[in-house]
Amino acid sequence: MPNAINIALIPLLPFAGFLLLGLFGKKFFGKTAGLIGTALLLVSCLLAFQTAYDYFFVYGKVNGAYQQFVPMQFVWLQFSKTLSIDMGLMIDPISVVMLVVVTFVSLMVHIYSLGYMKGEARFPVYYSFLGLFSFSMLGLVLATNIFQIYIFWELVGVSSFLLIGFYYEKPSAVAASKKAFIVTRFADFGFLIGILILSYCSNTLSFAELIQRLTTPGSSELQTAAGYSFLGISALTWGAALVFIGGAGKSAMFPLHIWLPDAMEGPTPVSALIHAATMVVAGVYLVARLFPVFALTTPEVLEGIGWVGAVSAIFAAVIACTQTDIKRVLAYSTMSQIGYMMFALGVSKYGGEEGLGYTASIFHLFTHAMFKALLFLGAGSVIHYVHSNEMKDMGGLRKFLPVTHITFLIACLAIAGVPPLAGFFSKEEILLAAYQHNQAIYYIALITSGITAFYMFRLYFNIFWSKPYHPHGEHQGEGGFVMTLPLFLLAAGALFAGFIPFGTLVSSDGKPLESHFHLSFSIAPVALGLAGIAAAMVLYKSQNERPGRISASLGGLYTAACHKFYIDELYLFVTRKVLFNLVGRPAAWFDRNVVDGLVNVTGNITLSLSEGIRKMQSGKVQQYGIYVLSAVIVLSVLFIYVW
Amino acid sequence: MNELLLLMKNELMVTAIIFLLLFIKVGKGMSNDRLLPVVQTLLLANLILGCFFNQEGALFGNMYHTTPLIALQKNILGLGVYLISLVCSDWLKKTEHLAEFFLLMLSALLGMYLLISGGNLLIFYLSLELATIPVAAMANFDLDKKRSSEGAMKQILSSAFSSGILLFGISLIYGITGTISFSELPQLADGSALFIMAFIFLFSALAFKLSIVPFHLWTADVYEGAPVPVTAFLSVVSKGAVAFVLMTVLYKVFQPIESTWYILVVILSVASMLIGNLFAVRQQNIKRFLAFSSIAQVGFILVGVSSGDIGSSTAVVYFVLIYLFSNLAAFGVATVIAAYSGKENISDYKGLYQTNPFLSWVMALALFSLAGIPPTAGFFGKLFLLTAGGSKGSYVYLLIAALNMIISLYYYLRVVRAMFMDKNETPVPPIQTGASAKLGLIICGIGIVLTGMMGWIYDYIQSLH
Amino acid sequence: MNLLLLLGAPLLTAVAVLLGRNKQQVRWMALAGSVVQLLFALGLLVAFRAERSGGQTAQMLFEQNFPLIDALNIHFHIGVDGISVSMILLTALVVTAGVLVSWNIEKMTKEFYFLLILLALGAYGFFISLNLFVLFFFLEISVVPKYLLIGIWGSGKKEYSANKLVLMLMMGSGLIIVGMLGLYFFGGHDFDIMNLATAQISTDRQNLIFPFMFLGFGVFTALFPLHTWVPDGHSSAPTAGSMFLAGISMKLGGYGCLRVAVYLLPEGAKEYANIIIVLSSIAILYGAFVTMMQKDLKYINAYSSVSHVGFSLLAIGMLTQTAITGALMQMISHGLMTALFFAVIGMIYDRTHTRMVDEMGGLMKVMPFITTVLFLVGLCSLGLPGLSGFVAEMTVFVGSWENDTAFHRVATIAAAMSIVVTAVYILRAIGKTAMGPVTNAEHLELKDASWNEKLAAIILLAGILSIGLAPGWLNDLLTPGAEIIVNRIAGK
Amino acid sequence: MMSGSTILFYLLAALTLACGLLSVTTRHIFRAAIYVLFALIGIAGLYFWMEYEFIAAVQIVVYVGGIIVLIIFSIFLTQQAGEKLAKPALNRQLFSALAVFCGFALTLLQVFQHEFKAGAEPALAPTVANIGNNMLNISDSGYALPFEVISMLLLAALVGCIVIALRSKPETK
Amino acid sequence: MMEPGLYHILFISAALFFIGIYGFFTRRNLITMLMSTELILNSVNLNFIAFNKYLWPGKMDGLFFTVFVIAIAAAEAAVGIAIIINLYRSHQSIDVASAEDLKY
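Residues numbered from 1 in each chain as written. Chains lettered and ligands numbered in written order. Predicted model: local features only at pLDDT ≥ 70, side-chain atom pairs only at ≥ 80, totals over all residues. Heavy atoms only, no water.

1. Examining the overall build of chain B
Thought 1: Looking only at helices and strands, chain B has 22 helices and two strands in total.
Thought 2: Its C-alpha atoms give chain B a radius of gyration of 21 Å, near enough to 23 Å, the size a compact globule of 465 residues would have.
Thought 3: Structurally, chain B occupies a C-alpha span of about 65 × 60 × 45 Å along its principal axes.
Thought 4: Across chain B, contacts joining residues at least 24 apart in sequence account for 82% of those joining residues at least 6 apart.
Thought 5: A total of about 11,400 Å² of accessible surface is found on chain B, and carbon and sulfur atoms cover 64% of it. (Helix = DSSP H or I, 4+ residues; strand = E, 2+ residues; numbered from the N terminus. Rg over C-alpha atoms; globule rule 2.2 N^0.38 Å. Contact = heavy atoms within 4.5 Å. Areas by Shrake-Rupley, 256 points an atom, 1.4 Å probe, with all protein chains shown as cover.)

Okay, structure coming up:
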């Protein structure tokens, strides 16, 4: 049986860190703040590993299938007799996997930041924010209740906001943090409505009951829910789709992705943690969490998810080829990879062999966390070294940053899907799932994997090869042990994580899934990947004219991709021009001039009436007499003849 | 004879004081400083005496009748006069004709007593005149001031005119019914067209005295022209008396045509509130301002009068008591300031709080009470008037009344704003208020604060019915 | 627990303040008084919970009933249920914080605190009265002190704002009077809320009176389009005044809408529910959009109050138990939050002498405490979990969703949409003031919060967090009351 | 055939109305006073005609002997008797005429439409003895109280007049 | 022609009443205004006497009313004249238009 206290401690330790460092960090801890945060997270991480081990190998499997456990649960807020927000811990394969990923990556980032953030004025604050984020993310992962997930969802959002805007004096960071928050909040609005719909349909907020009620054919809830529709689409479909919108926002799916590249304004380790490994996959996690509902009750939404994922994957990959800011390249790459995970879920079915996409998605989530975090931390080292994000300021760094170079290369190979690195295995499974269920998506994914290899190696060559680097000014080198250790550990992950028999651990219905590995199937993607690497090598290994010529020949497409297909501009147009000018400003005008005006006009009418009847009081006593007599006559006539 | 002494004790006491004053005047006279306390003491004695031995009874073949309620009404008026003698003492001490002033004022008070107690139209008419003519003379007591004469002239001429109309109405009523007795009229009233016309003629005179729009036009001019104590007397005591008698007239005498007078009262009350408020909004002179505010207040009183049951007469009596405290406090402050600095304009009150916090607080309290803001008594008074008026269930009317409170609040706050918020380079200098004026103001202040809180007062008034 | 103490404490404080000899003495007396009130409020909470858990199931506890005016059947009837207890607690918190943030007022200190405490008295009395007459009395008590507070200690076009505020509130009072008298006559010549709740008033009559009552209290609670006193009044008022106005005054209206209009006139409430919903949905979105365009911090908070209070009204219009609980939670949450917001704005204004967001920037660097609080309060405003706003808004949404017509759904979605707009304006405001580079070099010299300001902020934050982190206790307090109201609507 | 009494009545009526009308239209103030005097005498005549001799006597004594004298004195005090009065403004005249006409029409209409009832009690002759009895009687039909009231009123009026008219230091400019 | 009776007298009194009112409205001299009010009061007296004689001869209410009205008229006239004289002293005129300072 799961140990509730141990599991509860996993999120609570970082939270303790947040409180401790947030309230007293500056005064009492100062430079030791990082160590405290790291130590707490280390414990948390160990507990997570222990939980994972216990779950997968000790108690989790009952009757040949992994079961859900809720070791702890309490009512946090009772809305009505049936609906309540419960806070609890849910242990099942995906949450355990996520526990491991989150605590591990978070630990790596904590350690790395000891070096990377050294000397920052708000060092304790930074660690407290990291603690808050870890807490929120872990709470999200462990949620037993759809509202609980929403709560932590929001908290994750705000921690992300805080961390992106960590350099609050930089206007671009402030703008980016705002953008991230508002865009995800917009998505959360959909999520919230989705929750309301689902909860209304199922009459519960608890995941287990909700899934059970909405997936049992012929259940009374389903029958009731079938009675409702809006715009000809059934309420459940709406609900599922809206919940997915929430996930899409956090996971930066097209077209809600615009915040992710900007979010790179945050400190690089933060990008590694939040915007590569953990928070951005929350959407995937959410879909996986509600997978039975998507798969069994609303397959049309699931198909939509598949398409959104596929489009995001290739869309982001194309943009990534044109970006020059290395973190932005990685950001788009993240988006693209999450697209993979999404469509893997989208093409999956529930149960047995059909559920391969589900396993693949979580598998890819796991491996991606390793190599993407590695990539970001590597990029962090580079940026730390050259004090710039731009490719043009780099080149030939392999001699100066050997550890970074090697680990970065491993990560690139892993993401490019070169066997036998981690990415290869997970990607292979995804492609297989897509191949089996949706050929169109399969081809998109195939092409994307080629592009992925290309842009990753474009990045790699531009940083480490290309032109020779002339160091200027002072350089700290690779930042010492605290910064290289995480690189090594993550590189190990990227190298070996693929060998984990994931199918036996995580599957859509809990029952182990035998992975069938066809060597022949892998030829196409691996070949495409290698072709991409080769192309990148030709173009970017050393400085030459070819990239320029190619981009020129691509013309409009290149420019469009370079400008991220003008999605940002579209948003800006909608918000600034439409919302501000057509709604906000008129509303403000209306308020000041019409609503308020009416009040003032009432006052003015009174005053001018008062001025108008002034003449009545003329001071002439005879006139008063005439008034009196007239009044008497008029009243007499009125009362004699009218009433 | 004993019965006469007992039942008419208020009237007799006042008459006694009048004659005492006459003797003092005809004799060698007294200085103001000595006379004023004497008069104040006598008035207080009258007031205290009035509180005892009240019983029901009729004299002179029903021409005069009294009940405990009527006695209470008289005492309220007596209290008004007593308070005027206190709060206006600064002005009174300066006047040349103090004895005559009180003589006239008490004559008017006597008229009011008889008005309330009167049992037929003749007494009604005579006492109405007795309550008016001396006041017109008093209005002229600022003998050197042009405005005072003008006010007095307007007062006497327009009241003569109005009593002409009143008499014409009475004569018609007499012709129709053959009686002038209040107790016989209800049975004989035939509700014919001529009778209604006669009633409106008669009502116009009461409306004139109460300054109900459109019979109010003299009010502001006279208030502004007359000396402050006279204005206070007119606006408080005189109004109260007429309001009391109005109820008697409407509820008892003209009970058969209730449906007619109800509509009449509603129309005129709405008109009074509106016009009074609209004029008050633009006034500069504090007395004129209070004149129009009192017109609006009368409109409010009519709300209570309109429904014509026990609750409404209780509410009206209660409100008059409160109105007396509030308005006298306001006039008291106005007199003190006028007596010391000669300033009567609202703009002169700017920055008053800085120099005269006591006066400012009293004034503010009075104005809040007039506006009907709790915890002052005015709140209770107005609410009970509305409650009384509401029993007929015309909510539009109540709404109009309630909304009129907003306009009135607006202009009352204007004065408060001037005193508390506006800055002024040359505010009224600090004033050493005289002891009796201070006492009067404090009594008014206590009355404003406590009358409302002490619910038993209302119960007591109700129990007298 | 004698509820009269709750009236006695502020009354005594007010008198003591008037007798104070110097400014410092006055301040300490006001503080002591308000702390005593806060302790009373907390004690009341404890006592109330003890009584309830002791099995006391009467609707109102600690009732007292004295005849006031027999002739009109007016009784001084007081008593509390969970709703009142929580409102009293809110008042006590806000008033204590208000006393603390006003520490530096030098102009007519004595009068200032006197009026402030008078306001508190009005609010306490309002929340405990079970007689319409008494309730109205206390409601009105809190009108004029506002006028003076704004007019004397305010800033900007204070006279205009003070006038507008008082006149509009009086208009509300006027409507309430009419409704109240209607209830009195239709309900058998009685003002007592408990009796009126059992009186049989025909549907037609309820439909006649309900608009008066609801609009009347609606003015107090900034019902669209009767909200224009809010921005002007709030922005001109001194800090404590704004805190009180937005934190408590607007709640008087909300409480009145619920306790008087909806509870006593359930048929009327049903009849007009849809109109309420439409108006409040408009208020929510419209308020949010107008806020987005504001540049003055106080205006931002004032308009956002319009929007937030709209949630309360929306929930009242929804007439489900959860929604009504949500409405009350939103009132309390908003009360705390907006009071804190105004307190922070006041602190910033005291230092920078501007409230224009464009003239600030990077204040996080200079005054970390104040900006952190600002940030927290902003997060509360945009409904972040862990802070009270979230709990309240979600309860409102869930409760609103219980109605299953398309109309209610659309209204709920429209209202929920505002959480996005709220995020936009809150982040804009915070981004411009707290974040970014310091634009005005003079601001670099500014000091962070002083002890009294910190204490004020902490008091209010404690309230916000205690609801946000563990909403159960508040929910338990409010739900029974909401249930009674809903049962009455359902005709049970 | 008209009786003498009828003729007398019409003569008196004509005198009263004509003098009344003239008194409000003439522009000589002294003449106005005289016209009023004659109008009042006409009324006194009507009282005589109705056999209310006591009232007629009072009318003559109080009005002719008192009020008109007072008025004429005050005219002398305040004005040159021969001076013509200022003409009233035309529109004031028009409005007044209109209002008065309407009022007159309404009154006549109502009065002539109304059917007055008559009392059934035996007539009480308005002799001086009867009047005196009633006036000083405090029983049901007595008028002692009004009598007292009017005496107080006259006293007050007297005092008021003295104070106002005999002010000690007339304003001198 | 009819035998003169109640209605004749009522006509006379009504006419006199409105003549007086007309005078009150139009005369600009204060004393003449006062005279007009005397006419008004007299018309009323005529009414009372007529009613008393023709309709209610059983009691003398009308008669007494007339007596008291005459007395009041005297008092009113006296005070009125005193005020007018005083006004004349301060305004040097008894034109009603000279005393119109108090207005609006």
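2. Some remarks on the interface of chain E and chain D
Thought 1: With 71 residues of chain E in contact, the opposing surface of chain D contributes 85 residues.
Thought 2: Here chain E and chain D share one salt bridge between them.
Thought 3: Across the pair E51(D) and K53(E) runs a salt bridge, and its minimum N-O distance is 3.6 Å.
Thought 4: Our count for the contact surface shared by chain E and chain D stands at eleven residue pairs in polar contact (both at pLDDT 80 or more).
Thought 5: Sorting the residues of the side of chain E that touches chain D by element identifies helix 1 (6-26), helix 2 (30-54) and helix 3 (61-91) of chain E as the ones contributing at least two each.
Thought 6: No other element matches helix 3 of chain E, which puts 23 residues into the side of chain E that touches chain D.
Thought 7: Looking at the side of chain E that touches chain D residue by residue, the classes come out as 49 nonpolar, 13 polar and nine charged. (Salt bridge = Lys/Arg side-chain N within 4 Å of Asp/Glu carboxyl O. Polar contact = N/O pair within 3.5 Å; in protein donor to acceptor, adjacent residues only side chain to side chain. Nonpolar A, V, L, I, M, F, W, Y, C, P; charged D, E, K, R; others polar.)

3. Remarks on unusual backbone geometry
Thought 1: Backbone torsion omega between F254(A) and P255(A) reads 0°, so that peptide bond is classified as cis.
Thought 2: Along the chain, the position of P255(A) falls in the loop between helix 9 (235-250) and helix 10 (259-262).
Thought 3: Following F224(C), the chain continues to P225(C) via a peptide bond in cis, the omega torsion being -5°.
Thought 4: Among the structural elements, P225(C) can be located in the loop between helix 9 (203-220) and helix 10 (229-236).
Thought 5: Located in the positive-phi region is F62(C), a residue other than glycine, with phi close to 55°.
Thought 6: Assignment of secondary structure puts F62(C) in strand 1 (residues 61-69).
Thought 7: Positive phi outside glycine occurs at H353(C), with the angle close to 60°.
Thought 8: Mapped onto the elements, H353(C) comes out in the loop between helix 14 (321-352) and helix 15 (363-366).

4. Re the side chain of D221(B)
Thought 1: In this structure, D221(B) sits in helix 12 (residues 217-225).
Thought 2: Judged by relative accessible area, which is 0%, D221(B) ranks as buried.
Thought 3: Apart from the residues lying within four places of it in its own chain, the contact partners of D221(B) are Q617(A), G619(A), Y624(A), G151(B), K154(B), R288(B), L102(E) and K103(E). (Buried < 20%, exposed > 50% of the residue type's maximum accessible area, 1.4 Å probe, protein only.)

5. What about the packing of helix 4 (residues 68-87) of chain B against helix 16 (residues 310-341) of chain B?
Residues and elements named next belong to chain B.
Thought 1: Where helix 4 contacts helix 16, the axes come no closer than 10 Å and their chain directions differ by 10°. Taken together, the axes of helix 4 and helix 16 are roughly parallel relative to one another. Contacts between helix 4 and helix 16 pair L69, L72, Q73, I76, L79, G80, L83, I84 and V87 from the former with V317, V320, L321, L324, F325, L328, G332, T335 and V336 from the latter.
Thought 2: Partitioning the contact of helix 4 with helix 16 into residue classes produces 14 nonpolar, four polar and no charged. (Axes fitted to C-alpha atoms, helices over the stretch in contact; angles between N-to-C directions. Parallel < 35°, antiparallel > 145°, perpendicular 65-115°, else oblique.)

6. A short note on the interface of chain B and chain D
Thought 1: The partner chain D presents 29 residues to the 41 residues of chain B that form the contact.
Thought 2: Summed over both sides, the interface of chain B with chain D buries roughly 3,000 Å², with 78% coming from carbon and sulfur.
Thought 3: Across the chain B-chain D interface, the total number found is zero salt bridges.
Thought 4: When residues of the side of chain B that touches chain D are traced back to their parent elements, those giving at least two are helix 2 (9-26), helix 6 (98-117), helix 7 (121-130), helix 8 (133-139), helix 9 (146-177) and helix 11 (193-210) of chain B.
Thought 5: The residue makeup of the side of chain B that touches chain D, split by class, is 28 nonpolar, eight polar and five charged. (Buried area = accessible area lost by both parts, 1.4 Å probe.)

7. A short note on the confidence of the model for chain B
Thought 1: Per-residue confidence for chain B gives a mean pLDDT of 88; residues scoring 70 or more make up 100%.
Thought 2: In the model of chain B, helix 1 (residues 2-7) of chain B stands out as the element of lowest mean pLDDT, 77, in contrast to helix 7 of chain B, which has the highest, 92. (pLDDT = per-residue confidence, 0-100.)

8. Focus on the state of the cysteines
All names here are of chain B.
Thought 1: All told, the structure shown has zero disulfides over all chains when counted by the stated rule.
Thought 2: The closest cysteine sulfur to the non-disulfide-bonded C88 is located on C444, 9.4 Å from its own sulfur.
Thought 3: Of the residues examined, C88 reaches a relative accessible area of 0% and is grouped as buried. (Disulfide = S-S within 2.5 Å.)

9. Observations regarding the packing of aromatic side chains
Thought 1: Under the counting rule described, the total for this entry stands at 106 aromatic pairs over all chains.
Thought 2: Centroid distance F79(A) to F147(A): 5.6 Å. Interplanar angle 55°. Geometry classified as tilted. Taken as a pair, F79(A) in the loop between strand 3 (69-78) and strand 4 (84-91) and F147(A) in helix 5 (residues 146-164) lie far apart in primary sequence, 68 residues in all.
Thought 3: F147(A) gets classed as buried once you look at its relative accessible area, which sits at 0%.
Thought 4: Pairwise contacts between aromatic rings join Y318(B), F379(B), F380(B), F384(B), Y458(B), F133(C), F136(C), F137(C), F138(C), Y184(C), F185(C) and F191(C) into one cluster.
Thought 5: In this structure, K438(B) packs its charged tip against the face of F358(B), placed 5.5 Å from the ring centre.
Thought 6: The ring of Y349(C) is capped by R355(C), whose NZ or CZ atom sits 5.3 Å from the centre of that ring. (Phe/Tyr/Trp six-rings, centres within 6.5 Å; stacked < 30°, edge-to-face > 60°. Lys NZ or Arg CZ within 6 Å of the ring centre and 35° of its normal.)

10. What about the confidence of the model for chain C?
Reading fine detail from the predicted coordinates is not recommended where pLDDT is low.
Thought 1: Per-chain confidence: chain C averages 88 in pLDDT, with 100% of residues scoring 70 or above.
Thought 2: Here the predicted complex scores 0.90 on pTM and 0.90 on ipTM.

11. Observations concerning a positive patch on the surface
Residue and element names in this part refer to chain D.
Thought 1: On the surface, R27, R31, K84 and K87 cluster together into a positively charged patch.
Thought 2: Take R31: it is sitting in helix 2 (residues 29-49).
Thought 3: Take R31: its relative accessible area is 46%, and that puts it in the partly exposed class. (Patch = residues over 30% accessible without salt bridge, like charges linked within 9 Å, V, L, I, M, F, W, Y side chains within 5 Å. Lys, Arg positive; Asp, Glu negative; His and termini not counted. Charge placed at Lys NZ, Arg CZ, Asp CG, Glu CD.)

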